[in-house]
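# Descriptive analysis of the structure
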Amino acid sequence: MKKKRYVLCALLCILTLLLSSCTVNWFDKQYDVAWWVIAIPVTVWTLAWLIGGSCYIASKKYICPTCTRSFSPKWYRAMFSIHMNDDRLFKCPYCGKRSFCRLDRGSED
Ligand SMILES: [Zn+2]
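Quick caveat: nothing in here was measured; it's all calculated off a predicted structure.

### Overview of the coordination of the zinc ion
- Here the zinc ion is held by C64 (SG), C67 (SG), C92 (SG) and C95 (SG), and the distances to it run 2.2 to 2.3 Å.
- Geometry at the zinc ion is tetrahedral, judged from the four donor atoms that bind it and their angles of 106 to 120° at the metal.
- Taken in sequence order, the residues that donate to the zinc ion follow the motif C-x2-C-x24-C-x2-C. With C67 in the loop between β3 (62–63) and β4 (70–71) and C95 in the loop between β6 (87–91) and β7 (98–103), the pair connects residues that are 28 residues apart, well separated along the chain.
- Since its relative accessible area comes to 24%, C67 is described here as partly exposed.

Laid out in structure tokens, this is it:
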């Protein structure tokens, strides 16, 4: 799992290095945008997304409403899942039903 994160970070660094300045057309005006104006927000957003997904959301447990068993989702499934408040849409690894799973409050620190 950590190997995938390193590959993703390396890919992000390579894409950042491939960036060059570009020209933006905003209505009738043209602006020259430096590469770092694009690279810094994208890098910060991606790192926040990875850290938030792997450290915060994936560390929590969710309860399947069908079989009432508790499970920990993979971090990338947690990040891409549809959610309403703390409930997230997951496919249960035990019964295979896809439903909104409630956060297991007993697993919170
Ligand atoms: Zn289930």
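From this point on, the discussion continues.
### Remarks on the nonpolar core
- Ranked by size, the top nonpolar core spans 13 residues in total, and within it I57, Y62, F71, W75, F90 and C101 carry the most contacts.
- The dominant element in this core, judged by the number of residues it contributes, is helix α3 (residues 75–80), at three residues.

### Some thoughts on the packing of aromatic side chains
- Going through the model one piece at a time under the given rule, you end up with seven aromatic pairs.
- Centroid distance W49 to F80: 5.3 Å. Interplanar angle 65°. Geometry classified as edge-to-face. Taken together, the positions of W49 in helix α2 (residues 35–57) and F80 in helix α3 put the pair 31 residues apart, joining distant regions of the chain.
- With a relative accessible area of 64%, F80 lands in the exposed category.
- The rings of W45, W49, W75, Y76 and F80 are connected pair by pair, giving a single aromatic cluster.
- Above the ring of Y94, the side-chain terminus of R69 is found at 3.8 Å from the ring centroid.

Thresholds applied
- Residues numbered from 1 in each chain as written.
- Predicted model: local features only at pLDDT ≥ 70, side-chain atom pairs only at ≥ 80, totals over all residues.
- Heavy atoms only, no water.
- Donors = N, O, S within 2.8 Å, 3.2 Å for Na, K, Ca; no water.
- Tetrahedral: all angles 85-135°; square planar, octahedral: opposite > 155°, others 65-115°.
- Helix = DSSP H or I, 4+ residues; strand = E, 2+ residues; numbered from the N terminus.
- Buried < 20%, exposed > 50% of the residue type's maximum accessible area, 1.4 Å probe, protein only.
- Core = buried A, V, L, I, M, F, W, Y, C linked by side-chain atoms within 4.5 Å.
- Phe/Tyr/Trp six-rings, centres within 6.5 Å; stacked < 30°, edge-to-face > 60°.
- Lys NZ or Arg CZ within 6 Å of the ring centre and 35° of its normal.

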